Amino acid sequence: TEGLTIAIWSILISTSRSEVLISEIEHSAVIETAKIACSTLGKKLIFIPTIKDTNSPTYGTVDLDFIYQKANQDTALVACMAVNNETGIIQPFSRIDELLSELDIPYLCDSTQVFGKYSNFKLNGPNSMFLLSGHKVYGPKGSGVLIVDRDLQKKIKSISPGGGQERSIRGG
């Protein structure tokens, strides 16, 4: 949750872009943080729908066409998990990463459910961020990791300044 908070707030306070796209199936930690941040900072929160047609081979995945239509120069951030924590459905995270890289839009991917279970997981975009929870890989409960691309680290503002730890993104 701390990593999500750092990622979302740091991106949103660092840009004048006005829209945030969040998948409707995100963990409540993502949704609630995005709601508060958008409300506080005057950003428009848009929920990315999922495919609801049970006959579709993409049932339960986010609607990529919606993302293609909505993501633009006003989009500050897109958040979509790698694997849904309730259904286990793998989301098209690589395709989202590619699209957002082309559009220079930061991408936040909650990767908690994919880590150690999906050998092809990787994000290559210059604006990619992903998160992992320690307890999912036998680490301490409450521990986690936020990984932010180096170029993106230089563009974001800290919401937790301190002694310069973590490239001044999160003081220790």
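Check the entry above for the structure.
Residues numbered from 1 in each chain as written. Predicted model: local features only at pLDDT ≥ 70, side-chain atom pairs only at ≥ 80, totals over all residues. Heavy atoms only, no water.

*Asks:* How do you make sense of the overall build of the protein when you look at a structure like this?
*Replies:* The number of helices and strands found in the protein is 5 helices and 6 strands. Order of helices (α) and strands (β) in the protein, N terminus to C terminus: α-β-α-β-α-β-α-β-β-β-α. Whereas a compact globule of 172 residues would reach a radius of gyration of roughly 16 Å, the protein reaches 15 Å, a difference of no more than 12%. Over its C-alpha atoms, taken along the principal directions, the protein stretches across nearly 55 × 40 × 25 Å. Counting only residues that meet the buried cut, the protein has 44% of its 172 residues in that class. Within the protein, residue pairs in contact and separated by at least 24 positions form 59% of the contacts whose partners lie at least 6 positions apart. (Helix = DSSP H or I, 4+ residues; strand = E, 2+ residues; numbered from the N terminus. Rg over C-alpha atoms; globule rule 2.2 N^0.38 Å. Buried < 20%, exposed > 50% of the residue type's maximum accessible area, 1.4 Å probe, protein only. Contact = heavy atoms within 4.5 Å.)

*Asks:* Would you explain the packing of helix H1 (residues 2-13) against helix H2 (residues 28-41) in this entry?
*Replies:* When two helices pack together, their arrangement is captured by the angle between the axes and the distance separating the axes. For the pair H1 and H2, interaxial distance at closest approach is 10 Å and the crossing angle is 25°. Viewed along their axes, H1 and H2 adopt a mutual orientation that is roughly parallel. By crossing handedness, the relation of H1 to H2 is classed as right-handed. Here Leu-4, Thr-5, Ile-8, Trp-9, Leu-12 and Ile-13 of H1 come into contact with H2, specifically with Ala-29, Val-30, Thr-33, Ala-34, Ile-36, Ala-37, Cys-38, Thr-40 and Leu-41. (Axes fitted to C-alpha atoms, helices over the stretch in contact; angles between N-to-C directions. Parallel < 35°, antiparallel > 145°, perpendicular 65-115°, else oblique. Left-handed = near helix turned anticlockwise from the far one by under 90°.)

*Asks:* Mind showing me how you'd approach H2 here?
*Replies:* Owing to its 3.6 residues per turn, the α-helix brings residues three or four apart onto one side. Its 14 residues give H2 an end-to-end C-alpha distance of 19 Å, which sits within 8% of 20 Å, the value for a rise of 1.5 Å per residue. Taken together, the buried positions of H2 are occupied by Ala-29, Val-30, Ile-31, Thr-33, Ala-34, Ala-37 and Cys-38. Looking at the buried residues of H2, the elements they touch are H1, strand S1 (19-23), strand S2 (44-48) and strand S3 (75-79). (Expected span 1.5 Å × (residues − 1).)

*Asks:* Quick question: what am I supposed to make of unusual backbone geometry here?
*Replies:* The residue Asp-104 is not glycine, and still its phi comes out positive at about 60°. Turning to its location among the elements, Asp-104 is positioned in the loop between helix H4 (93-103) and strand S4 (107-110).

*Asks:* Looking at this structure, I do not really get the pattern of salt bridges. What am I missing?
*Replies:* For side chains bearing opposite charge, pairing can occur when the charged atoms are close. Evaluated as defined, the whole model comprises 3 salt bridges. The closest approach of N and O atoms between Lys-155 and Asp-104, which form a salt bridge, is 3.9 Å. On the criterion of sequence distance, the pair formed by Lys-155 in the segment after helix H5 (150-153) and Asp-104 in the loop between H4 and S4 is long-range, its members being 51 residues apart. (Salt bridge = Lys/Arg side-chain N within 4 Å of Asp/Glu carboxyl O.)

*Asks:* How should I be thinking about the nonpolar core in this particular structure?
*Replies:* A general feature of soluble globular proteins is that nonpolar side chains tend to end up buried together. Within the largest apolar cluster, 24 residues are counted, with the highest numbers of intra-cluster contacts made by Ile-67, Ile-96, Tyr-107, Cys-109 and Phe-121. Breaking this core down by element, the ones donating at least two residues are S2, helix H3 (64-70), H4, S4 and strand S5 (128-133). Element by element, the count of residues in this core is highest for H4, at 4 residues. Residues contacting Cys-109, with those up to four places away along its chain left out, are Cys-80, Met-81, Ala-82, Phe-93, Phe-121, Leu-123, Met-129, Phe-130 and Leu-131. Formed by 23 residues, the second largest nonpolar core is a distinct cluster that contains Ile-11, Leu-12, Ala-37 and Leu-152. (Core = buried A, V, L, I, M, F, W, Y, C linked by side-chain atoms within 4.5 Å.)

Remember, this is a structural readout, not a statement about activity or role.
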